[in-house]
Amino acid sequence: MRKICTGCRDGVDFDIPFTMAFQPIVDAMTGVPFAYEALVRGIDGSSAAAVLGQVTDANRYAFDQACRVKAIETVMAAGLMETPACLSINFLPNAVYSPVACIQLTLQTARKVAMPLDRLIFEFTENEVIASPDHVSNIIESYKQIGFKVAIDDFGAGHAGLGMFARFAPDEVKLDMELVRTIDSDGRRQAIVRAIVGLCAELGTLLIAEGIETAGEAAMLRRLGVRYHQGYWYARPAIGVLPPISAEACAAL
């Protein structure tokens, strides 16, 4: 096994306390969680923004490492293996120096808690300015070879759009919530999402809609062919536990 560089060190260089909340990504065909996304929270329950606001260029790498460790350890303690679901972790491509070297702590943590590697999904957002597209391509290919899945988050917003989708060939794409909001009453959004559904089907890419807040949005997305759903309509993020899908959402499926 390759040696872990000193920058990893269990994320100890990130000395700002934080914890993880989890929100389900629901298979709208079966009503069963497909995955749980790990979301950063302050230990006092404060928002992700309160924690992310303290991330700097100096501690970005340690923060990325600490998030991976915390997410894996916390979700396993919460009972992930009692479900068929995966764990989805956000990562910062610009905080990964070397894909192989920088993943070693993640692999060690997964082994320690007996988490199968094929249960891990890594999301990166197109809202982050990508310093080197070639570097990101290298990360994605390295992660896929290990057995992870890779997703583009916030698709439809940010810096790259379809160009990023074409270049990086992700396993999954998550629709930006701006395309989801009021989609049940907005023909333009419906047309755009319908086109993305067809594109993902042709490319063999799993499509997830996030930010769903109403029964109408959920119903329209199902009609458009979007099978995987995430948002407050199904469950709010919960710190340290895997929240159940709301009874109202279950009844509507």
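These lines cover the structure that appears in this document, whether it is placed above or below. (Residues numbered from 1 in each chain as written. Predicted model: local features only at pLDDT ≥ 70, side-chain atom pairs only at ≥ 80, totals over all residues. Heavy atoms only, no water.)

1. Let's talk about the overall build of the chain
Counting its regular elements, the chain contains 10 helices and nine strands. Here the chain, with 253 residues, has 54% of them falling under the buried criterion. The long-range fraction of contacts in the chain, counting pairs at least 24 apart against all pairs at least 6 apart in sequence, stands at 68%. If you sum the accessible surface of the chain, you get close to 11100 Å²; carbon and sulfur atoms cover 54% of it. (Helix = DSSP H or I, 4+ residues; strand = E, 2+ residues; numbered from the N terminus. Buried < 20%, exposed > 50% of the residue type's maximum accessible area, 1.4 Å probe, protein only. Contact = heavy atoms within 4.5 Å. Areas by Shrake-Rupley, 256 points an atom, 1.4 Å probe, with all protein chains shown as cover.)

2. Thoughts on helix 9 (residues 215-223)
Glu217, Ala218, Ala219, Met220 and Leu221 are the residues of helix 9 that are buried. Following helix 9 by one or two positions, Gly225 has its phi on the positive side, about 100 degrees.

3. Regarding the packing of aromatic side chains
Applying the stated criterion to the full structure yields 10 aromatic pairs. Taking 5.6 Å as the distance between ring centres and 50 degrees as the angle between the ring planes, the aromatic pair formed by Phe91 and Tyr143 counts as tilted. Of the two residues, Phe91 sits in the loop between strand 3 (86-90) and helix 3 (99-102) while Tyr143 sits in helix 5 (residues 133-146), which places them 52 residues apart along the sequence. Neither residue differs from the other here; Phe91 and Tyr143 are each classed as buried. Each member of the aromatic cluster is reached from another via a ring pair, and the members are Phe91, Phe122, Phe124, Tyr143, Phe148 and Phe168. The lysine or arginine in question, Lys70, covers the ring of Phe18, its NZ or CZ lying 5.7 Å from the ring centre. A cation sits over an aromatic face here: Arg236 above Tyr232, 4.0 Å from the ring centre. (Phe/Tyr/Trp six-rings, centres within 6.5 Å; stacked < 30°, edge-to-face > 60°. Lys NZ or Arg CZ within 6 Å of the ring centre and 35° of its normal.)

4. Overview of the nonpolar core
Among the nonpolar cores identified, the biggest contains 68 residues, and Leu87, Met115, Phe124, Tyr143, Val193 and Tyr234 are the most heavily contacted of them. If you tally residues by element for this core, the top one is helix 2 (residues 60-77), at nine residues. Apart from residues lying up to four places away in sequence, Phe124 is in contact with Phe91, Pro93, Val136, Ile140, Val150, Ala151, Ile152, Asp153, Met164 and Phe168. Residues Phe34, Cys86, Ile121 and Ala151 belong to the second largest nonpolar core, which totals eight residues. (Core = buried A, V, L, I, M, F, W, Y, C linked by side-chain atoms within 4.5 Å.)

5. Observations concerning the pairing of strand 3
Of all five residues in strand 3, four are buried; the element is thus mostly enclosed. Relative to strand 3, strand 2 (residues 32-41) is paired through three bridges, and the arrangement is parallel. Residue pairing across strands places Glu37 opposite Ser88, the latter belonging to strand 3. (Pairing = 2+ DSSP bridges.)

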